Amino acid sequence: MRIGFVFLSSTLSSSSVIGSSISRSIVRPAPSLLLHFPFHIIPNRTTTRSSNLQFSARTTRTASVSSMASSFKPEQARVPPALQLPSPSITKFKIGLCQLAVTSDKERNIIHARTAIEEAAEKGAKLVVLPEIWNSPYSNDSFPIYAEDIDAGSDASPSTAMLSEVAQLLKITIVGGSIPERSGDKLYNTCCIFDADGKLKAKHRKIHLFDIDIPGKITFKESKTLTAGETPTVVDTEVGRIGIGICYDIRFQELAMIYAARGAHLICYPGAFNMTTGPLHWELLQRARAVDNQLYVATCSPARDAGAGYVAWGHSTLVGPFGEVLATTEHDETIIISEIDYSQIELRRTNLPLEKQRRGDLYQLVDVQRSSSQ
């Protein structure tokens with residue numbers, strides 16, 4: 001199924017800018033001007049009448065603003081209309097981001113990931129996130145060798161079998177980073193999400209493949225071996241509604257906007273940015289996705305291995321709905337434990353009521369998958 005986005009835009013007219021300037025100047029008090037007029041004591045009845053007139057004027061202005069907002073058609077800025085945030089059973093909890101060192105030894109990687117998940121859970125994490133491609137070196141040569149048939153069961157997919165088992169044992173939710181997945185004659189970069197009963201809740205296949213060419217810096221073409229996923233992924237869990245993206249997916253704000261419109265509290269991006277784009281874009285993109293959509297964003301990277309063919313930037317991070325960095329790290333292997341409190345989403349959306357201020361009369365975001373299913 002394809003994903004489509006439609007944007008219509010316009011620019012402000014000069015009259016709009018002038019109007020704004022006038023409004024601001026009216027608000028500024030100028031008490032000195034009153035000195036140029038004679039002062040009279042005003043009878044109470046006149047004061048009352050004046051107050052009534054002022055109240056009437058304020059009421060009229062409020063109604064006018066409300067009417068104007070209605071004419072902007074904010075509810076039509078999302079097609080279909082945005083969903084309300086659901087109420088998960090847990091609204092305040094600890095998240096664990098496991099920034100793991102990855103080797104060429106797959107069995108070692110699986111054992112090592114399990115140990116990190118257990119440590120995060122011991123520290124109180126109810127949601128644990130792993131990095132992108134944590135069971136394999138990140139290379140087109142390695143993807144076919146390390147790929148697992150997730151749908152074929154535990155024998156064919158030891159990586160996801162471990163995730164299922166440990167999620168059930170520890171009673172936690174796991175966003176299982178990503179691994180190379182084999183399905184028929186195709187390979188995908190796939191994230192599996194397991195609930196506290198160890199059940200596979202969802203699979204997200206990386207939608208936007210990492211095909212870049214920065215001369216003298218880095219060239220990589222995931223499309224040489226991998227196939228792009230076709231479905232945005234939002235999953236309801238014990239710890240909230242979570243949208244999933246993998247690494248390069250974070251660059252596409254439309255996907256994050258769709259997740260927000262579907263009622264996501266949190267977007268998790270397992271990712272392995274590199275030493276060229278990482279310093280410039282990694283934190284910037286996370287904060288942009290969080291503040292634009294007024295929700296939490298969590299990223300989890302592999303630890304840096306300077307001797308690897310692909311060197312990861314690291315810096316796993318949790319960002320809050322106001323764009324604030326709540327927790328981060330450097331490039332070494334570590335486990336970040338931080339707190340998520342969904343009441344902050346409501347607070348920030350009250351502070352900045354963007355959903356009510358969108359201009360559906362000027363632009364729309366179309367969620368093709370939701371539209372097709374209705």
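All figures in this text were calculated on a predicted structure; none of them were measured in a lab.

With respect to the pattern of salt bridges
So, step 1. Enumeration according to the criterion identifies 13 salt bridges in this entry.
So, step 2. Glutamate 165 is the partner of arginine 114 in a salt bridge, and the nearest nitrogen-oxygen pair spans 3.3 Å. One end of the pair, arginine 114, is in helix H3 (residues 106-122); the other, glutamate 165, is in helix H5 (residues 158-170), with 51 residues separating them in the sequence.
So, step 3. Under the relative-accessibility criterion, glutamate 165 is labelled partly exposed at 45%.
So, step 4. The residue arginine 262 makes a salt bridge to aspartate 367 at a minimum N-O spacing of 2.8 Å. Here aspartate 367 lies in the loop between strand S17 (365-366) and helix H10 (368-373) and arginine 262 lies in the loop between helix H6 (253-261) and strand S12 (266-270), a separation of 105 residues in the sequence.
So, step 5. The class for aspartate 367 is buried, based on a relative accessible area of 5%.
So, step 6. A single network of salt bridges, built from pairs that share partners, joins Asp151, Glu181, Lys203 and Arg205.

Re the environment of proline 81
So, step 1. With respect to the helices and strands, proline 81 occurs in the loop between strand S1 (78-79) and strand S2 (92-99).
So, step 2. Distance in space between the C-alpha atoms of proline 81 and serine 371 is 9.9 Å, their sequence separation being 290 residues.

What to know about the nonpolar core
So, step 1. Counting 48 residues, the largest nonpolar core has Leu127 and Leu266 as the members making the most contacts within it.
So, step 2. At six residues, H6 tops the list of elements feeding residues into this core.
So, step 3. Residues within four places of leucine 266 in sequence aside, it is in contact with Leu127, Arg241, Ile242, Gly243, Tyr296, Val297, Ala298, Ile340 and Tyr342.
So, step 4. Counting 23 residues, the second largest nonpolar core, distinct from the first, contains Ala113, Ala121, Ala125 and Ala167.

Looking at H3
So, step 1. The first and last C-alpha atoms of H3 sit 25 Å apart over 17 residues, in line with the 24 Å expected at 1.5 Å per residue.
So, step 2. For H3, the complete set of buried residues consists of Asn109, Ile110, Ala113, Arg114, Ala116, Ile117, Ala120 and Ala121. The buried residues of H3 occupy an angular sector of 165 degrees when the element is viewed end-on, so they sit on one face. The exposed residues of H3 that point more than 90 degrees off its buried face are Glu107, Ile111 and Glu122.
So, step 3. Lining the buried residues of H3 we find S2, strand S3 (125-129), H5, strand S4 (173-175) and strand S16 (334-341).
So, step 4. The opening residue of H3, the one whose side-chain oxygen lies 3.2 Å from the backbone nitrogen of glutamate 107, is aspartate 105.
So, step 5. One or two steps after H3, the chain reaches glycine 124, where phi turns positive at roughly 100 degrees.

Section: the environment of isoleucine 258
So, step 1. Secondary-structure assignment places isoleucine 258 in helix H6.
So, step 2. According to the relative accessible area criterion, isoleucine 258 is buried, its value standing at 1%.
So, step 3. Counting along the chain gives 112 residues from isoleucine 258 to arginine 370, while the straight-line C-alpha distance between them is 9.7 Å.

Some words on the packing of aromatic side chains
So, step 1. Under the criterion given, the structure shown has eleven aromatic pairs.
So, step 2. Pairing phenylalanine 210 with tyrosine 310 gives two aromatic rings, centres 6.4 Å apart and planes at 90 degrees, and the pair type is edge-to-face. One end of the pair, phenylalanine 210, is in the loop between strand S7 (200-205) and strand S8 (211-214); the other, tyrosine 310, is in the loop between strand S13 (296-300) and strand S14 (317-319), with 100 residues separating them in the sequence. Per residue, the accessibility class of phenylalanine 210 equals that of tyrosine 310, and both read buried.

Digging into unusual backbone geometry
Apart from glycine, the bulk of residues carry a negative phi angle, and the bulk of peptide bonds sit in the trans form.
So, step 1. Omega for the peptide link from valine 79 to proline 80 comes to -5 degrees, which places this bond in the cis form.
So, step 2. Inspection of the secondary structure assignment puts proline 80 in the loop between S1 and S2.
So, step 3. Phi is positive for isoleucine 133, which is not a glycine, with a value near 45 degrees.
So, step 4. Along the chain, the position of isoleucine 133 falls in the loop between S3 and helix H4 (143-146).
So, step 5. With a relative accessible area of 2%, isoleucine 133 lands in the buried category.

Structural notes on the confidence of the model for the protein chain
As a general rule, the predicted coordinates of low-pLDDT regions are not to be interpreted in detail.
So, step 1. This prediction gives the protein chain a mean pLDDT of 87; 82% of its residues lie at or above 70.
So, step 2. Taken together, the stretch residues 1-48 has pLDDT below 50 and engages in 28 contacts with residues farther than four places along the chain or on a different chain.

Some thoughts on the packing of H3 against H5
So, step 1. The N-to-C vectors of H3 and H5 enclose an angle of 20 degrees; their axes lie 10 Å apart at closest approach. With respect to H5, the axis of H3 lies roughly parallel. Along this stretch, H3 crosses H5, giving a crossing that reads as right-handed. Taken together, the residues of H5 that come into contact with H3 (itself represented by Lys106, Ile110, Ala113, Arg114, Ile117, Glu118 and Ala121) are Pro158, Ser159, Met162, Leu163, Glu165, Val166, Leu169 and Leu170.
So, step 2. Its residues assigned to classes, the contact of H3 with H5 comprises ten nonpolar, one polar and four charged.

Criteria and thresholds
Residues numbered from 1 in each chain as written. Predicted model: local features only at pLDDT ≥ 70, side-chain atom pairs only at ≥ 80, totals over all residues. Heavy atoms only, no water. Salt bridge = Lys/Arg side-chain N within 4 Å of Asp/Glu carboxyl O. Helix = DSSP H or I, 4+ residues; strand = E, 2+ residues; numbered from the N terminus. Buried < 20%, exposed > 50% of the residue type's maximum accessible area, 1.4 Å probe, protein only. Core = buried A, V, L, I, M, F, W, Y, C linked by side-chain atoms within 4.5 Å. Contact = heavy atoms within 4.5 Å. Expected span 1.5 Å × (residues − 1). Arc of directions from axis to C-beta. Polar contact = N/O pair within 3.5 Å; in protein donor to acceptor, adjacent residues only side chain to side chain. Phe/Tyr/Trp six-rings, centres within 6.5 Å; stacked < 30°, edge-to-face > 60°. pLDDT = per-residue confidence, 0-100. Axes fitted to C-alpha atoms, helices over the stretch in contact; angles between N-to-C directions. Parallel < 35°, antiparallel > 145°, perpendicular 65-115°, else oblique. Left-handed = near helix turned anticlockwise from the far one by under 90°. Nonpolar A, V, L, I, M, F, W, Y, C, P; charged D, E, K, R; others polar.

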